[in-house]
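Overview (structure and organization)
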Amino acid sequence: MNTVLWIIAILLAAAFAAAGAMKTTQPREKLVAAGMAWAGDWPAGAVKAIGAAEVLGGIGLVLPAALGVAPVLTAWAALGLALTMVGAAAVHARRKEYPGIAVNLVLLVLAAAVAWGRFGPQAF
């Protein structure tokens, strides 16, 4: 089970770090043109803040446990990313972007599984 949680955490970290990096480095207009239409509804600073939270969450999924420094932060990062996906699904639902909700739900379930495992039976 520990190996499965590590694999999920690493995959989630890569996905969130990549998505967050794109949000923090690209102008809002470019994100909208690339298919993230929701970004047009939010101030540029909010989009950058969401991106920064995703990057930090991705780092938090792996680095604390890998270094053995405050490894409980891994579980908290997973919980934070799961809550981020709840918010993202709500935004997509409001905009009637149903395929986006499916992606959010998959990421939510994976992040929740890591949080459950790291807070519970596979805690560090």
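Before reading on, note that the structure itself is shown above.
Residues numbered from 1 in each chain as written. Predicted model: local features only at pLDDT ≥ 70, side-chain atom pairs only at ≥ 80, totals over all residues. Heavy atoms only, no water.

**Some points on unusual backbone geometry**
One non-glycine residue, A70, lies in positive phi territory at about 50°. Along the chain, A70 falls in the loop between α3 (44-67) and α4 (72-94). Phi is positive for K96, which is not a glycine, with a value near 60°. With respect to the helices, strands and loops of the structure, K96 is situated in the loop between α4 and α5 (98-119). Residue K96 is classed as exposed on the basis of its relative accessible area, which comes to 60%. (Helix = DSSP H or I, 4+ residues; strand = E, 2+ residues; numbered from the N terminus. Buried < 20%, exposed > 50% of the residue type's maximum accessible area, 1.4 Å probe, protein only.)

**Focus on the nonpolar core**
Membership of the largest hydrophobic core comes to 17 residues, with the highest contact counts inside it found for L12, F16, L61 and V114. Elements represented by at least two residues in this core include exactly α1 (2-25), α4 and α5. Among the elements that take part in this core, α1 stands out by supplying 6 residues, more than any other. Non-local contacts of F16, meaning those with residues more than four positions away in its chain, are made with E54, V55, G58, L81, M85 and L107. If you look at the next biggest cluster of nonpolar residues, it comprises 6 residues, including L31, M36, A39 and V91. (Core = buried A, V, L, I, M, F, W, Y, C linked by side-chain atoms within 4.5 Å. Contact = heavy atoms within 4.5 Å.)

**Here we look at the packing of α1 against α5**
α5 packs onto α1 with a crossing angle of 135° between their chain directions and a minimal axis gap of 10 Å. Between α1 and α5, the crossing angle belongs to the class labelled oblique. Both α1 and α5 take part in a crossing whose hand is left-handed. Where α1 abuts α5, its residues N2, L5, W6, I8, A9, L12 and F16 lie against L107, L110, A111, A113, V114, G117 and R118. Of the residues in the contact of α1 with α5, the class split is 11 nonpolar, 2 polar and 1 charged. (Axes fitted to C-alpha atoms, helices over the stretch in contact; angles between N-to-C directions. Parallel < 35°, antiparallel > 145°, perpendicular 65-115°, else oblique. Left-handed = near helix turned anticlockwise from the far one by under 90°. Nonpolar A, V, L, I, M, F, W, Y, C, P; charged D, E, K, R; others polar.)

**Details of the packing of aromatic side chains**
Using the criterion set out here, one finds 1 aromatic pair in the structure. Each ring, one from W76 and one from F119, has its centre 5.0 Å from the other, and the planes form 85°; the classification is edge-to-face. With W76 in helix α4 and F119 in helix α5, this residue pair connects regions lying 43 residues apart in the sequence. Accessibility expressed as a relative area gives 38% for F119, which makes it partly exposed. (Phe/Tyr/Trp six-rings, centres within 6.5 Å; stacked < 30°, edge-to-face > 60°.)

All quantities given are derived from atomic positions and should not be read as evidence of function.
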